[in-house]
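# Structural characterization, general
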Amino acid sequence: MEERVIYSSFNHYSIRKIRELSPAAETAYLISDVILDVERYAKETGTEGLHPAVYHMDMSDHMDRYKDSGLKVRIWTVNDQKDMERFIKAGFEAVITNYPDIALDVRDRLLRK
């Protein structure tokens, strides 16, 4: 079961504590504010993923930078079907949504193409 758990928090001190307690645990930073060089920061602190807000993806070159970072990027909260399609097509790790049934339908439809 542990391999299916991802610890994610806006409180990056909490993520650091989780990494101290369980170095093998998968962690990701939830981010709502724009953080300078957040990709480098995540890698330097041993965090495997980023969970940026959906509105980050239309700011500057964030979408490309996050995509090219090598980190597992899961965007939150993606409730718009067009955004779901865009992020799934772009190959992001996942979308975090309030509508998993719609996201699964979108994913399955895109995979059939």
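One structure accompanies this document, and this report is about it. Computed from a prediction, not measured in an experiment: that's the story for all the values here. (Residues numbered from 1 in each chain as written. Predicted model: local features only at pLDDT ≥ 70, side-chain atom pairs only at ≥ 80, totals over all residues. Heavy atoms only, no water.)

### Observations concerning the overall build of the chain
Check the secondary structure of the chain and you find five helices and five strands. When the elements of the chain are put in sequence order from the N terminus, they spell out β-α-β-α-β-α-β-α-β-α. Over its C-alpha trace the chain gives a radius of gyration of 14 Å, about what one expects of a compact globule, namely 13 Å for 113 residues. Of all 113 residues assigned to the chain, the portion counted as buried reaches 36%. In the chain, the share of contacts with a sequence separation of at least 24, taken over all contacts with a separation of at least 6, comes to 29%. Taken as a whole, the chain presents about 7100 Å² of accessible surface, with 52% of it coming from carbon and sulfur. Charge separation in the chain, taken as the distance between the mean sites of 17 positive and 20 negative side-chain charges, equals 3 Å. (Helix = DSSP H or I, 4+ residues; strand = E, 2+ residues; numbered from the N terminus. Rg over C-alpha atoms; globule rule 2.2 N^0.38 Å. Buried < 20%, exposed > 50% of the residue type's maximum accessible area, 1.4 Å probe, protein only. Contact = heavy atoms within 4.5 Å. Areas by Shrake-Rupley, 256 points an atom, 1.4 Å probe, with all protein chains shown as cover. Lys, Arg positive; Asp, Glu negative; His and termini not counted. Charge placed at Lys NZ, Arg CZ, Asp CG, Glu CD.)

### Here we look at a nonpolar patch on the surface
On the surface, Val34, Tyr55 and Met59 cluster together into a nonpolar patch covering about 270 Å² of accessible area. Summarising the element assignment, methionine 59 is placed in the loop between strand S3 (49-52) and helix H3 (62-68). (Patch = residues over 30% accessible without salt bridge, like charges linked within 9 Å, V, L, I, M, F, W, Y side chains within 5 Å. Salt bridge = Lys/Arg side-chain N within 4 Å of Asp/Glu carboxyl O.)

### Overview of the nonpolar core
Counting residues in each nonpolar core, the largest one holds 20 residues, and the members touching the most others are Leu50, Met57, Tyr66, Ile75, Phe87 and Phe92. Mapped by element, the contributors of at least two residues to this core are strand S2 (26-31), helix H2 (38-44), H3, strand S4 (72-75), helix H4 (81-90) and helix H5 (100-112). At three residues, H5 tops the list of elements feeding residues into this core. Those residues in contact with leucine 50 that lie beyond four places of it in its chain are Ala28, Tyr29, Val38, Glu39, Ala42, Tyr66, Leu71, Lys72, Val73 and Arg74. (Core = buried A, V, L, I, M, F, W, Y, C linked by side-chain atoms within 4.5 Å.)

Purely spatial values, then, with no claim about function.
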